[in-house]
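Spelled out, the chains give:
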Amino acid sequence: MPQPLSSKENSLFRQVIRYYEEKQYKRGLKAAEQILKKSPKHGDTLAMKALIINSLGRTDEAFTLAKEALTADMKSHICWHVYGLLYRHQKNFEEAIKAYKFALKLEPGSPQIQRDLAFLQIQMRDFQGYIQSRTAMLQAKSQLRQNWTALAVAHHLAGDLAQAEKVLTTYEESLKSPPSHTDYENSEALLYKNSIIAETGDYQRALDHLESIAKHNLDRAAILELRAEYLAKLGRKDEATKTYRALIDRNSEHPEYYNKLTEVVGLDGSDTGTREAIYDEYAEKYPRSDAAKRLPLDFLAGDDFREAAKSYLVLMLDKGVPSTFANLKHLYTDPFKKETLESLAHDYVKAKESDSEGEAPTEGDLKGTPAGLYYLAQHYNYHLSRDLTKALEFVERGLKLVPDNVEFHMTKARIWKHYGNTRKAAEIMDHARNLDLKDRYINTKAVKYQLRNNETAKALKTMSLFTRNDTPGGPLADLIDMQSIWYLTEDGEASVRNGLIGLALKRFHAVYNIFDVWQEDQFDFHSFSLRKGQIRAYVDMIRWEDKLREHPFYTRAALGAIAAYLGLHDSRLGTNGVNGSTNGTAEDEVEKKKAIKKAKKEAQKAEREAAELAAKQDPNKPKAATSETVKRDDDPIGLKLASTDQPLVEATKFLLPILQFSPKNIDGQVAGFEVYIRRGKHLLALRCLNAALAIDPANPVVHEQAVRFRQEVNSKLTSLHAKVAEVIQTEFTAIGASTDLKKYNADFLAKHKDSAPHVVSAIKIQKLLGEDQEACEKALFNVLKLGSADWEPAAEALGLLFQWRSSEAEAFKKAAEETWPEVTLFQPPPSPPTTS
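Residues numbered from 1 in each chain as written. Predicted model: local features only at pLDDT ≥ 70, side-chain atom pairs only at ≥ 80, totals over all residues. Heavy atoms only, no water.

Caption draft 1: Focus on the overall build of the protein. Scanning the protein from N- to C-terminus turns up 44 helices and 0 strands. When the backbone C-alpha atoms are referred to their principal axes, the protein occupies close to 90 × 75 × 75 Å. Looking at the 836 residues of the protein, the share that counts as buried comes to 47%. In the protein, of all internal contacts separated by at least 6 residues, the share reaching a separation of at least 24 is 62%. Accessible area for the protein stands at about 43100 Å²; split by element, carbon and sulfur atoms hold 51% of it. Here the protein holds 117 positive side-chain charges and 118 negative ones, and the gap between their average locations is 6 Å. (Helix = DSSP H or I, 4+ residues; strand = E, 2+ residues; numbered from the N terminus. Buried < 20%, exposed > 50% of the residue type's maximum accessible area, 1.4 Å probe, protein only. Contact = heavy atoms within 4.5 Å. Areas by Shrake-Rupley, 256 points an atom, 1.4 Å probe, with all protein chains shown as cover. Lys, Arg positive; Asp, Glu negative; His and termini not counted. Charge placed at Lys NZ, Arg CZ, Asp CG, Glu CD.)

Caption draft 2: Representation of the packing of helix α23 (residues 406-419) against helix α25 (residues 440-452) in the model. In contact at an axis separation of 12 Å, α23 and α25 are set at 20° when each is read in the N-to-C sense. When the axes of α23 and α25 are compared, the pair comes out roughly parallel. Crossing hand, α23 versus α25: left-handed. Taking contact as the criterion, the partners of Val406, Met410, Ala413, Arg414 and Lys417 in α23 are, on α25, Tyr441, Ile442, Lys445, Tyr449 and Arg452. Its residues assigned to classes, the contact of α23 with α25 shows 6 nonpolar, no polar and 4 charged. (Axes fitted to C-alpha atoms, helices over the stretch in contact; angles between N-to-C directions. Parallel < 35°, antiparallel > 145°, perpendicular 65-115°, else oblique. Left-handed = near helix turned anticlockwise from the far one by under 90°. Nonpolar A, V, L, I, M, F, W, Y, C, P; charged D, E, K, R; others polar.)

Caption draft 3: Spatial organisation of the pattern of salt bridges. Counted by the stated rule, this structure contains 36 salt bridges. When the shortest N-O distance is used, the salt bridge between Arg397 and Glu353 registers 2.8 Å. Separated by 44 residues along the polypeptide, Arg397 in helix α22 (residues 388-401) and Glu353 in helix α20 (residues 335-355) bring together distant segments of the chain. Among the ionic pairs, Lys653 bridges to Glu650, the shortest N-O distance being 3.9 Å. Of the two residues, Lys653 and Glu650 both sit in helix α35 (residues 647-661), 3 residues apart, roughly one turn of that helix. A relative accessible area of 33% means that Lys653 is categorised as partly exposed. Glu650 sits in the partly exposed class, given a relative accessible area of 24%. Each member of the salt-bridge network shares a partner with another, and the members are Arg452, Glu490, Glu493 and Arg556. (Salt bridge = Lys/Arg side-chain N within 4 Å of Asp/Glu carboxyl O.)

Caption draft 4: Spatial organisation of the packing of aromatic side chains. Using the criterion set out here, one finds 33 aromatic pairs in the structure. Judged by centre distance (5.8 Å) and plane angle (45°), the rings of Trp148 and Tyr171 are tilted. Note that Trp148 is positioned in helix α9 (residues 145-157) and Tyr171 in helix α10 (residues 161-174), a separation of 23 residues in sequence. Comparing Trp148 with Tyr171 shows no difference in burial state: the two are buried. Between Tyr258 and Tyr282 the ring centres are 5.9 Å apart and the planes differ by 85°, which places this aromatic pair in the edge-to-face class. Here Tyr258, found in helix α15 (residues 255-265), pairs with Tyr282, found in helix α16 (residues 272-285); they are 24 residues apart in sequence, far enough to count as distant. Across from the ring centre of Tyr512, 4.8 Å away, lies the NZ or CZ of Lys653, which sits over that ring. (Phe/Tyr/Trp six-rings, centres within 6.5 Å; stacked < 30°, edge-to-face > 60°. Lys NZ or Arg CZ within 6 Å of the ring centre and 35° of its normal.)

Caption draft 5: Up close: unusual backbone geometry. We note that Lys23 has phi near 65°; this positive angle belongs to a residue other than glycine. In this structure, Lys23 sits in the loop between α1 (7-21) and α2 (25-38). Its identity as a non-glycine residue notwithstanding, Arg125 has a phi of 60°, on the positive side. Mapped onto the elements of the fold, Arg125 is located in the loop between α7 (111-123) and α8 (127-140).

Caption draft 6: Expanded view of the nonpolar core. Ranked by internal contacts, the top residues of the largest apolar core, which has 82 residues, are Tyr258, Leu297, Leu328, Leu341 and Tyr375. Not counting residues within four places of it along the chain, the set of residues in contact with Leu341 comprises Phe305, Ala309, Leu313, Leu328, Leu331, Tyr332 and Tyr375. If you look at the next biggest cluster of nonpolar residues, it comprises 61 residues, including Leu476, Ala504, Ala557 and Ala685. (Core = buried A, V, L, I, M, F, W, Y, C linked by side-chain atoms within 4.5 Å.)

Caption draft 7: Representation of the side chain of His682 within the structure. Mapping His682 onto the fold places it in helix α37 (residues 682-695). Judged by relative accessible area, His682 falls into the buried class, the value being 8%. Here Gly680 takes part through its backbone oxygen, which lies 3.2 Å from a polar atom of the side chain of His682. Beyond its immediate chain neighbours, meaning those up to four positions away, His682 contacts Ile677, Phe709, Glu712, Lys716, Leu720 and Ile728. (Polar contact = N/O pair within 3.5 Å; in protein donor to acceptor, adjacent residues only side chain to side chain.)

Caption draft 8: Quick look at the packing of α10 against helix α11 (residues 184-199). With their axes 9 Å apart at the nearest point, α10 and α11 run at an angle of 150° to one another. On the basis of their axis angle, the class for α10 and α11 is roughly antiparallel. Helix-helix and strand crossings are classified by hand; for α10 and α11 the assignment is left-handed. Note on element contacts: α11 touches α10 through Leu190, Tyr192, Lys193, Ile196, Ile197 and Glu199, opposite Leu161, Ala164, Glu165, Leu168, Thr169 and Glu172. The class makeup of the residues in the contact of α10 with α11 is 7 nonpolar, 1 polar and 4 charged.

Caption draft 9: Layout of the environment of Asp271. Examined against the element boundaries, Asp271 turns out to sit in the loop between α15 and α16. Residue Asp271 is classed as partly exposed on the basis of its relative accessible area, which comes to 30%. C-alpha of Asp271 to C-alpha of Ile535: the two residues are 264 residues apart in sequence and 42 Å apart in space. Among the polar contacts listed, one links the side chain of Asp271 to the side chain of Thr274, at a separation of 2.9 Å.

Caption draft 10: Examining the side chain of Asn147 more closely. The topology assignment puts Asn147 in helix α9. Ignoring anything within four residues of it in the chain, the contact list for Asn147 reads Arg134, Met137, Leu138 and Lys141.

Caption draft 11: A look at the confidence of the model for the protein. Confidence along the protein averages 90 in pLDDT terms, with 91% of residues attaining 70 or more. With pLDDT under 50 throughout, residues 575-585 is counted as low confidence; its partners more than four residues away or in other chains account for 27 contacts. Across residues 618-629, confidence stays below pLDDT 50; counting only partners more than four residues off in sequence or on other chains, it has 2 contacts. (pLDDT = per-residue confidence, 0-100.)

Caption draft 12: Quick peek at the environment of Arg227. Along the chain, Arg227 turns up in helix α13 (residues 220-233). Distance in space between the C-alpha atoms of Arg227 and Ala206 is 9.0 Å, their sequence separation being 21 residues. Other than its neighbours up to four places away in sequence, Arg227 contacts Leu207, Leu210, Glu211, Ala214 and Thr243. In terms of polar contacts, Arg227 uses its side chain to reach the side chain of Glu211, at 3.1 Å.

Caption draft 13: Summary view of α8. Taking 1.5 Å of rise per residue, the 14 residues of α8 would be expected to cover 20 Å, and the 20 Å separating its terminal C-alpha atoms lies within 8% of that figure. Among all positions of α8, only Gly129, Tyr130, Ile131, Ser133, Arg134, Met137 and Leu138 are buried. (Expected span 1.5 Å × (residues − 1).)

Caption draft 14: Layout of α9. The end-to-end C-alpha separation of α9 is 18 Å, in line with the 18 Å expected for 13 residues at 1.5 Å each. Extensive coverage of α9 is indicated by the burial of 12 of its 13 residues. Residues of α9 that are buried: Arg145, Asn147, Trp148, Thr149, Ala150, Leu151, Ala152, Val153, Ala154, His155, His156 and Leu157. If you follow the buried residues of α9, they end up packed against α7, α8, α10, α11, α30 (522-532) and α31 (535-546).

Caption draft 15: Focus on the environment of Val264. Among the secondary structure elements, Val264 is positioned in helix α15. Separated by 33 residues in the primary sequence, Val264 and Leu231 place their C-alpha atoms 9.3 Å from one another. Ignoring anything within four residues of it in the chain, the contact list for Val264 reads Ala232, Lys237, Ala240, Thr241 and Tyr244.

Here it is as structure tokens:
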């Protein structure tokens, strides 16, 4: 039996609840203790105390107390509700839902429990459960529009469009008086209903409904866009044309409006004259519109293109628009357009130089001649038209005219980056930063280049110029709080190159956790969006969240983490990749210890400098008092992460979202093969291999994996389960079971003998198949003779030689330096700074 409370204690219990809701945790805890002195087994008070303790960061103690509360009063809906809240805080949503359902059985009329359950159900995409919860909430309070809208959303997300529309219609019919014309929630709800009708495919009915709501709807742009879309799909081209023209009149810079207009007019690719006339009309009507002048360049050809491109290029360069090249570089996939733009830029520079002889440009101005030189520098730095010598020449010419121009210095840094000289690129980008110390963008670029040069401590110090350094943990903690994914990823990759695998994993896990936070942030919008009536945006957000981890930011960080975990696994087996070379000598251990010690010193130095900087900024400002417990990181450089005894399991955690959401990413499939083949999951490895073969069968890494898979399967065929062997025999057709792997690899090498990446992969397989190591080492030197401007295959070859403990590694490095003298990787390390 639950322990009853007196009226005084009941009043005190209500105060406990109020204190918790107002986040006055210490007062709430004190009031709860007062009740428990007289009624130590009162379950509801024990539960509320557990909730307050959890908010103070003592989660384990809170769970213990919550279980004690349930033991004292199993039939209390408050105890079960609190138990669910604790599980939700732990992100154990399945157990939280179970607890909420128990609480709801005991107190079916509780709106708070019903609401919490509904939010968890939509968070977990339990649409049928969400429909039930929303139906119950609607029956309890049918006068609230958001309850009707939420039920419609539940049916919509569950795929029942007809029922979703019916719910919205029922509410509209129940209104005794029409809503105000300025009612934003009603305006959004009507457009949401229209989108549901459109999703059914009945565009005529969607158009009719749109026309009925258009007069007083507040989102005029959406009304016009939807009307144009429906008219176009219904084949009513004249009306669609009129609507798209109205949209262009509203926003003459929207490229999609122009594209749709030319579609509904019925112009094909060959009728360039009429298409150009449409754009010319709007270019004349809106002379400041960039889109009307730029978009025709996408479809014009020959002399028409040259004339239009000249007009556009001269206009932009005369204005000094820095983004001119960025606006035009997509045209470089067409060789004629690429050559034409290059020729026009040269003509422009010559004309300007002859017109302005003896005239010095305005200090820092990027108009006229400097703008033309800037365009040409970017042109020759671009990968489709790359000539780094010419690019550097035009940059230097530009810097003679405008020596303090930030854009020229940034482009110069990019050129040296493409040369492979990360050291010089970082120095020049930092010089560019010093030209404009108030520009956050250039500061960010300088940091990125420092990280690419593996200067992690210097990068953090530079980044701290634009972070809150008075927070606990310094600038790094602020970057994590601000979810600066690019910095964490770059820092992680730099840490890998510096040999600090634990620190790299720390950064990659931080990125993983940020995506988890984004996933969990939906909770706030389940109530907010319905309360504010932002239904269409809410549905879009739910659908975006469902494919959140297909974002390239996640893929890049995850691939970095997977590679690090694979390295940990291989080093513990005493092997290195596919070649089986031993690793982990005493020298390596000494180097690792030195690197870890250096990382600790750098972290301590960064924190100390951040604290000093904060003190200098406001030395008289007292430390802010806070009641929040500051969590101290007990693994600042990731030693615990690097010492995991299940690196492949950890790698799989990062891998699965890539395979699920980015199946066409070949790097993800390659990583999947590497993880699964090491885990002995041959069918999963085969699935990744076949997916990679479908994406790019000529990929050199995929060739390596195919040969490795066939070799492993042939050696283990008798030990495999019969059904597994049968599936492999049926599905793996790239290399037959009886194929001579040495001949297969030799044929691959002969076919791709002029491609350095393919040559390196073929040599790796030669060694795997038993070729003499000395012969393989000599073969790697052939990569230097291919005359390629791409130095990265040579860098991979150098890495292989170091892996194999080859005595030829230093000779190869010296030869590579002669071939690519600017590449930092092949240069000797810089001399330490001298101290006077």
